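Residue-level listing of the chains:
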Amino acid sequence: NYGSVGIALVGNFQTHAPGQPMLDALVDALTFMAARYRIDPLPQISYVRSRGDATALWRDELNALSGHRDCIPTECPGENVYGLLPTIRERVVEQLGARGPAVRITQAPADRNLWPTDLGFAWEADPPAAEVSMMLAGWRRIPGTDTIEALSGYADDQRPAWGAWTRDRSLSVPLPPDARGIYTLFVRARDAAGRESGIAARSSVVVDRHVVADDADASRTDRDGDWRSARNILGYNGRQFLTADAAAPATRFRWHLEVPERGTYAVQACWTEAANRTTGAGYTVRQRGIVLHAATVDQQTVGGKWATLGEAVLDAGVPCVVELEGTTEGVLVADAIRLVRVP
């Protein structure tokens with residue numbers, strides 16, 4: 001279970017197929033989780049995988065009810081159950097029953113990797129919805145542990161703590177300058193007869209004193225050379241990563257980022273590791289054309305998380321350009337860059 005956004009099925013039925021009683025019990029358990037967190041088992045979603053700051057990576061276009069192997073490199077839940085997932089989703093939908101009045105979030109923070117500021121949302125509900133109830137669920141994983149710290153929206157037993165029913169259609173939540181965590185707004189609706197929606201609309205954001213640019217962000221990137229989109233190795237940020245021949249001449253990728261305040265920032269990168277990767281991925285950090293930091297990393301290791309390349313003092317409002325090029329042969333990977341304010 002990756003929180004109250006979606007459900008990842010774990011376990012291993014690689015050797016033995018589940019019997020009907022076991023399959024029925026699995027559907028019952030998934031139905032319970034979907035009902036508790038008002039999850040629609042059918043659509044694809046975006047969620048953030050986090051085991052602390054080093055792995056707060058987004059994953060786009062993932063099934064809301066997915067297999068563990070869809071999230072990380074693993075055989076779990078095994079071929080037998082994985083092949084049954086379409087049927088399992090349909091059975092969960094059937095057991096959930098009527099969905100009730102629908103609601104949609106129409107306004108949310110434009111950047112899902114957000115510097116601490118006010119969180120602003122708006123929504124609309126379809127007839128016959130009369131009222132809505134909201135929950136801003138915030139949490140963070142304490143670095144170096146498996147402990148989850150609830151920031152908002154949960155009761156002591158980790159059940160969702162919904163707000164009162166209201167006719168409001170917007171919400172603004174001010175965050176302190178030191179806010180850090182993963183926040184998700186949930187909105188449910190009910191009709192005049194008191195029938196509640198079984199599915200909640202949701203919108204998530206990662207809040208930190210950071211700035212992030214992904215390879216798919218056309219407004220914050222540019223490139224030279226032949227770059228190819230790939231999704232075949234898990235551990236990437238967003239919906240893809242890019243690859244190129246590291247030894248090809250004039251092959252470079254650039255991320256353009258701006259920070260809200262002057263200070264020292266940790267410059268971090270992520271990539272997908274494999275045996276065919278280059279051992280000489282060269283990153284250069286510049287502002288005003290001046291090289292502030294340079295690092296060379298081995299992309300055959302440390303994949304699937306934020307790796308710190310070094311630190312640099314950056315000015316506010318001035319584009320910071322992080323450039324990537326290969327210094328040895330192999331496959332060069334461009335995925336995402338993050339600048340994190342050092343306290």
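Residues numbered from 1 in each chain as written. Predicted model: local features only at pLDDT ≥ 70, side-chain atom pairs only at ≥ 80, totals over all residues. Heavy atoms only, no water.

**Observations concerning the overall build of the protein**
Now for step 1: Across its full length, the protein holds three helices and 24 strands.
Now for step 2: A compact globule built from 343 residues would reach a C-alpha radius of gyration of about 20 Å, and the protein, at 22 Å, matches this within 12%.
Now for step 3: In the protein, which comprises 343 residues, the share counted as buried stands at 49%.
Now for step 4: Sequence-distant contacts, at least 24 apart, represent 73% of the contacts inside the protein between residues at least 6 apart.
Now for step 5: Total accessible area on the protein stands at roughly 15500 Å², and carbon and sulfur atoms take up 50% of it.
Now for step 6: Between the averaged position of the 36 positive side-chain charges in the protein and that of its 42 negative side-chain charges there is a distance of 2 Å. (Helix = DSSP H or I, 4+ residues; strand = E, 2+ residues; numbered from the N terminus. Rg over C-alpha atoms; globule rule 2.2 N^0.38 Å. Buried < 20%, exposed > 50% of the residue type's maximum accessible area, 1.4 Å probe, protein only. Contact = heavy atoms within 4.5 Å. Areas by Shrake-Rupley, 256 points an atom, 1.4 Å probe, with all protein chains shown as cover. Lys, Arg positive; Asp, Glu negative; His and termini not counted. Charge placed at Lys NZ, Arg CZ, Asp CG, Glu CD.)

**Quick notes on the environment of Leu151**
Now for step 1: Tracing the chain through its elements places Leu151 in strand β9 (residues 148-152).
Now for step 2: By relative accessible area, which is 32% here, Leu151 ends up partly exposed.
Now for step 3: Along the chain, Leu151 and Ala246 lie 95 residues apart, while their C-alpha atoms are 43 Å from each other.

**Some points on helix α1 (residues 20-37)**
Now for step 1: Under the 1.5 Å per step criterion, the end-to-end length of α1 is 26 Å for 18 residues, consistent within 8% with the ideal 26 Å.
Now for step 2: Every buried residue of α1 is accounted for by Leu23, Leu26, Val27, Leu30, Thr31, Ala34 and Tyr37. With its buried residues spanning 145° around the axis, α1 presents them on a single face.
Now for step 3: The elements touched by buried residues of α1 are β1 (7-9), β4 (65-67), α2 (79-82), α3 (85-96) and β12 (201-207).
Now for step 4: Phi turns positive, to about 55°, at Arg38, one or two residues after α1. (Expected span 1.5 Å × (residues − 1). Arc of directions from axis to C-beta.)

**Observations regarding the sheet that holds strand β24 (residues 336-341)**
Now for step 1: Read from one edge to the other, the open sheet built from four strands follows the order β13-β24-β18-β21, with strand pairing classed as antiparallel. The open sheet is flanked by β13 (210-214) and β21 (307-314), the only strands paired with a single partner. The average angle at which neighbouring strand axes cross in this sheet is 20°, direction not considered. (Pairing = 2+ DSSP bridges. Axes fitted to C-alpha atoms, helices over the stretch in contact; angles between N-to-C directions.)

**Some thoughts on the environment of Asp126**
Now for step 1: Along the polypeptide, Asp126 turns up in the loop between β7 (119-125) and β8 (129-141).
Now for step 2: For the pair Asp126 and Asp40, spaced 86 residues apart in sequence, the C-alpha separation works out to 17 Å.
Now for step 3: In this structure Asp126 touches Pro101, Ala102 and Arg104, once residues within four positions along its chain are discounted.

**Brief notes about the sheet that holds strand β23 (residues 331-334)**
Now for step 1: Strand order in the open sheet formed by three strands is β15-β16-β23, with antiparallel pairing between adjacent strands. For this open sheet the edge positions go to β15 (228-230) and β23, each flanked by a neighbour on one side alone. In this sheet, neighbouring strand axes are inclined to one another by 40° on average, regardless of whether the strands run parallel or antiparallel.

**Side note on the packing of aromatic side chains**
Now for step 1: Tallied over the entire structure, the rule returns six aromatic pairs.
Now for step 2: Considering the side-chain rings of Trp227 and Phe253, the 5.5 Å spacing of their centres and the 70° angle between planes classify their relative orientation as edge-to-face. Here Trp227 is found in the loop between β14 (221-224) and β15, whereas its partner Phe253 is found in strand β17 (residues 252-257), with 26 residues between them in sequence. The pair Trp227 / Phe253 is uniform in exposure class, with both members buried.
Now for step 3: Both rings, one in Tyr236 and one in Phe241, keep their centres 5.8 Å apart while their planes meet at 45°; by these two values the pair is tilted. The residues Tyr236 and Phe241 share a single accessibility class, namely buried.
Now for step 4: One aromatic cluster in this structure is built from Trp227, Phe253, Trp255 and Tyr283. (Phe/Tyr/Trp six-rings, centres within 6.5 Å; stacked < 30°, edge-to-face > 60°.)

**Some words on the packing of α1 against α3**
Now for step 1: Two numbers describe how α1 lies on α3: the axes approach to 9 Å, and their chain directions differ by 60°. Accordingly, the angle class assigned to the pair α1 and α3 is oblique. Pair α1 / α3 crosses with right-handed handedness. Between α1, through Gln20, Leu23, Asp24, Leu26, Val27, Asp28, Leu30, Thr31, Ala34 and Ala35, and α3, the contact on the second element is made entirely by Ile88, Arg91, Val92, Gln95 and Leu96. (Parallel < 35°, antiparallel > 145°, perpendicular 65-115°, else oblique. Left-handed = near helix turned anticlockwise from the far one by under 90°.)

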